[in-house]
Amino acid sequence: MSTALSTISRVIDRRQAVIYPAPAVIVLFLIVVLPIVFNLYLAFTKWTVGLGQPRFIGLDNFIDLVSDERVWNGVKVMVYFSGLSLFLELVLGLLIALFFNREFRGSEVVQAIYIFPFAATPVAVALIWRIMLNPEIGVLNYLLRSIGLPGSLWVSSEQTAVLSLVLVDVWKWTPMITLIVLAGLKSLPPDPYEAARIDGAGTLQIFWHITLPLIRPVLIAALMLRSLDNLKEFDMIYTITQGGPGTASETLYLYSYMVGFGFFKAGYGSALMVVVFLIVLVFNVVMNRLRLSAQNR
Amino acid sequence: MAKKAKQTFQSVIFYTGAVALSVPQVFVFAWMIMTGLKTGSQNISYPPEFIFTPTLENFKAVFQQHNFLYYLFNSLVIAGLATLISLILGLPAAYSIAKYRQGKIGIMILLARMTPFVSYLLPWYIIFRYLKLIDTYTALTLTHLIITLPMVTWLMVAFFESVPADLEDAAMIDGCSRLQSFIRIVLPLVRNGIATSAIMSFIFSWNQFLFSLILSGPKTKTVPVAVYNFISYGKIDWAGIGAAATLIVLPVSVFAFFVRKTIVQGLTMGALKD
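Residues numbered from 1 in each chain as written. Chains lettered and ligands numbered in written order. Predicted model: local features only at pLDDT ≥ 70, side-chain atom pairs only at ≥ 80, totals over all residues.

**Structural notes on the overall build of chain B**
Inference 1: Counting its regular elements, chain B contains 14 helices and 2 strands.
Inference 2: Once the C-alpha set of chain B is aligned to its principal axes, its extents read approximately 80 × 75 × 30 Å.
Inference 3: Split into buried and exposed, the 274 residues of chain B put 46% on the buried side.
Inference 4: Contacts in chain B between residues at least 24 apart in sequence constitute 78% of all its contacts with a sequence separation of at least 6. (Helix = DSSP H or I, 4+ residues; strand = E, 2+ residues; numbered from the N terminus. Buried ≥ 20, exposed ≤ 12 C-beta atoms within 10 Å, placed from the backbone. Contact = placed C-beta atoms within 7 Å.)

**Some thoughts on the overall build of chain A**
Inference 1: Scanning chain A for helices and strands turns up 15 helices and 2 strands.
Inference 2: Against the 2.2 N^0.38 benchmark of 19 Å for 297 residues, chain A shows a C-alpha radius of gyration of 25 Å, more extended than a compact globule.
Inference 3: Considering only C-alpha atoms, chain A reaches an extent of 75 × 70 × 40 Å along its principal axes.
Inference 4: Counting only residues that meet the buried cut, chain A has 42% of its 297 residues in that class.
Inference 5: Of all intrachain contacts in chain A linking residues separated by at least 6 positions in sequence, the fraction that spans at least 24 positions is 70%. (Rg over C-alpha atoms; globule rule 2.2 N^0.38 Å.)

**Quick look at the domain arrangement of chain A**
Residue and element names in this part refer to chain A.
Inference 1: Under the domain assignment used here, chain A contains domain 1 (2–60) and domain 2 (64–123 + 157–296).
Inference 2: One C-alpha centre belongs to domain 1, the other to domain 2; they are set 31 Å apart.
Inference 3: Of the residues lining the interface, 12 residues belong to domain 1; the matching set on domain 2 comes to 9 residues.
Inference 4: Mapped by element, the contributors of at least two residues to the side of domain 1 that touches domain 2 are α3 (22–42) and β1 (45–48).
Inference 5: Per-class residue counts for the side of domain 1 that touches domain 2 are 6 nonpolar, 4 polar and 2 charged. (Domains from an automatic or database assignment. Nonpolar A, V, L, I, M, F, W, Y, C, P; charged D, E, K, R; others polar.)

**A closer look at unusual backbone geometry**
Leaving glycine aside, a negative phi is the common case for residues, and trans is the common case for peptide bonds.
Inference 1: The peptide bond linking Gly244 of chain A to Pro245 of chain A adopts the cis configuration, its omega dihedral lying at -5 degrees.
Inference 2: Within the fold, Pro245 of chain A resides in the loop between α13 (235–240) and α14 (252–262).
Inference 3: Even without glycine at this site, Trp154 of chain A takes up a positive phi of about 45 degrees.
Inference 4: Within the element layout of this structure, Trp154 of chain A appears in the loop between α9 (139–146) and α10 (161–186).
Inference 5: Owing to 23 C-beta atoms within 10 Å, Trp154 of chain A belongs among the buried residues under this scheme.
Inference 6: Its identity as a non-glycine residue notwithstanding, Asn67 of chain B has a phi of 55 degrees, on the positive side.
Inference 7: Here Asn67 of chain B lies in the loop between α3 (57–64) and α4 (68–100).

**So, helix α10 (residues 191–207) of chain B**
Side chains that are three or four residues apart share a direction in an α-helix, a result of its 3.6 residues per turn.
Residue and element names in this part refer to chain B.
Inference 1: Between the first and last C-alpha of α10 there are 24 Å, a value that for 17 residues agrees with the 24 Å anticipated at 1.5 Å per step.
Inference 2: Burial of α10 is extensive: 12 of the 17 residues sit out of reach of the surface.
Inference 3: Of all the positions in α10, only Gly193, Thr196, Ser197, Ala198, Ile199, Met200, Ser201, Phe202, Ile203, Ser205, Trp206 and Asn207 are classed as buried. (Expected span 1.5 Å × (residues − 1).)

**What about the nonpolar core?**
Inference 1: Counting 160 residues, the largest nonpolar core has Ala124, Val181 and Leu272 of chain A together with Leu121, Val227, Ala244 and Ala245 of chain B as its most contacted members.
Inference 2: Sort the elements by how many residues they give to this core and helix α7 (residues 137–161) of chain B lands first, with 16 residues.
Inference 3: Each residue touching Ala244 of chain B, except ones within four places of it in the same chain, is listed here: Val62, Phe68, Ala226, Val227 and Phe230 of chain B. (Core = buried A, V, L, I, M, F, W, Y, C linked by C-beta atoms within 7 Å.)

**Comments concerning the domain arrangement of chain B**
Often, the extent of an interface is quoted as the loss of accessible area upon association of its parts.
Residue and element names in this part refer to chain B.
Inference 1: The assigned domain composition of chain B is domain 1 (1–55) and domain 2 (64–268).
Inference 2: The C-alpha centroid of domain 2 is placed 33 Å from the C-alpha centroid of domain 1.
Inference 3: Of the residues lining the interface, 9 residues belong to domain 1; the matching set on domain 2 comes to 8 residues.
Inference 4: Contributing elements (two or more residues each) for the side of domain 1 that touches domain 2: α1 (2–37) and α2 (40–43).
Inference 5: Examining the composition of the side of domain 1 that touches domain 2, we find that 4 residues originate from one element, α1, more than from any other.

**Notes on the environment of Pro54 of chain A**
All names here are of chain A.
Inference 1: Following the sequence through the fold, Pro54 ends up in strand β2 (residues 51–56).
Inference 2: Pro54 gets classed as partly exposed once you count the C-beta atoms within 10 Å, which come to 17.
Inference 3: Between the C-alpha atoms of Pro54 and Leu167, which are 113 residues apart in sequence, the distance is 41 Å.
Inference 4: In this structure Pro54 touches Leu42, Thr45, Trp47 and Gly267, once residues within four positions along its chain are discounted.

**A short note on the packing of helix α15 (residues 266–296) of chain A against helix α6 (residues 117–130) of chain B**
Inference 1: Where α15 of chain A meets α6 of chain B, the axes come as close as 9 Å, and the angle between the chain directions of the two elements is 150 degrees. In terms of orientation, α15 of chain A lies roughly antiparallel with respect to α6 of chain B. Viewed along their axes, α15 of chain A and α6 of chain B form a crossing whose handedness is left-handed. From α15 of chain A, Ala266, Gly269, Ser270, Met273 and Phe277 of chain A reach across to α6 of chain B, where they touch Val118, Ser119 and Leu122 of chain B.
Inference 2: Classifying every residue of the contact of α15 of chain A with α6 of chain B gives 5 nonpolar, 3 polar and no charged. (Axes fitted to C-alpha atoms, helices over the stretch in contact; angles between N-to-C directions. Parallel < 35°, antiparallel > 145°, perpendicular 65-115°, else oblique. Left-handed = near helix turned anticlockwise from the far one by under 90°.)

**Examining the interface of chain A and chain B**
Inference 1: Between chain A and chain B, the contact holds 76 residues from the first and 76 residues from the second.
Inference 2: A total of 12 residues in the side of chain A that touches chain B trace back to one element, the largest contributor, which is α3 of chain A.
Inference 3: When its residues are assigned to classes, the side of chain A that touches chain B shows 60 nonpolar, 12 polar and 4 charged.

**Brief notes about the environment of Asn58 of chain B**
Inference 1: Turning to its location among the elements, Asn58 of chain B is positioned in helix α3.
Inference 2: Excluding anything up to four places from it in sequence, Asn58 of chain B contacts Gly36, Ala239, Gly240, Gly242 and Ala243 of chain B.

**Points about the pairing of β1 of chain A**
Residues and elements named next belong to chain A.
Inference 1: Looking at chain direction, β1 and β2 are connected through 3 bridges and run antiparallel. Paired with Thr45 across the bridge in β2 is Phe56.
Inference 2: Adjacent in sequence and paired antiparallel, β1 and β2 are bridged by 2 residues, among which Gly50 carries a positive phi angle near 95 degrees. (Pairing = 2+ DSSP bridges.)

Written as structure tokens, this is what we have:
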């Protein structure tokens, strides 16, 4: 018995580099790579789940989606929602990180409160936002009116639906950007700052010419990381508007879910998901190029 | 004198900023709890009531009529299992990546982060339906691993990289096998990392909505789906939502509070490095 164990132990020792990651790799292959391949295959078929077998139809799904108005609407909403929310989260995240970087009495406590939304269950807080955003009984309109401003229709109007979702997204995720940028700020070298101060540079000049260039790789990394989730934002949009009113806040990702699980059109839904994946992939490849060139400068 | 004025001015700015940053977070959190403590009619009255006699009826109803304890149990089991399995598989993998610089696993993890969850969902749904595994802990735990396993692995790589190699060499000179030195020497050194990644993994599994929405059923419904189900056919039970949301959000917020210092590493998943 003990010799068997020691033999096993010796084998594990000798092949450590292969054996240690093997179980994780096998599991990841099964749960990540296989479904992606299956999804890719489905994208070239016509199939309603539960009815018959998938039928190979070549590129037909991809040809169909070019002339599908909801696809183009989905792309438009996705660009609008993600573009605006990522921009705001990055700018606010940087400003707030700069604020926290100047440590002051009580900053620890404020930080702990400030990052609360990050771990909060998205569906749960989205539902609370849905109550608060209600145009008739919502507390946000009440607060606006009590300081003399007109209320808004928030998610009940096609004009403001996406903007309201951006507001919730910014509230929930700016703390994450702040944390990452703050970690980056704390690890900046002190030398350039001392040199600049000796040269008599002002705060704004120091920020513009030293902090911003130094922190740029971190900003891009934070943007990449956030975009991975933001481009496929589901929980919050599904909970608050379900893509409505009409299709005013239906992103391409949400539409692909509706096609796959609302209408059970597996083939067409899969083709849409492949498109979403390609958009995320291209965005990240471009951002990574930017990040590397910002680092090497 | 001028210096003192400048200092006062600065602290005014800082405290204004501190208030501006805390108010929205505290307000949403407070509104959630208040919604749970109001009656149904108080919740739809206008103007909204800020001062009212709190009631615990909603919390009672959430447990008694909606069987919430069972959904909490489901979420606990699934998040617990997903976290445990992720640690068992992810710790050795991360150690190996850190030690032998294996990039291929890193790429697979990145792929998992990038792929829209919906693309997994349809194949998973078809496979699990075929295997009759819809509405089982197995199906939900497996799909949650898509999120938690990469997270644990990537987070732990950074921690393992900070363990000096000499320590292990010393252990092996003393007659430890590599496996023994990994378990007895290396793992205790990275226990902070293990705690952080376990908590992060638990939080993200607990919060997962999409997989559970499709793959769970009456037997394995998790809390995010349970709270979502308070919306039914246009009738929305706001009081119930407030109470349920409070019960779901509180535990993960407390967890996050304890690991907030190391959370950044979990979030960045190596993005800050090359």
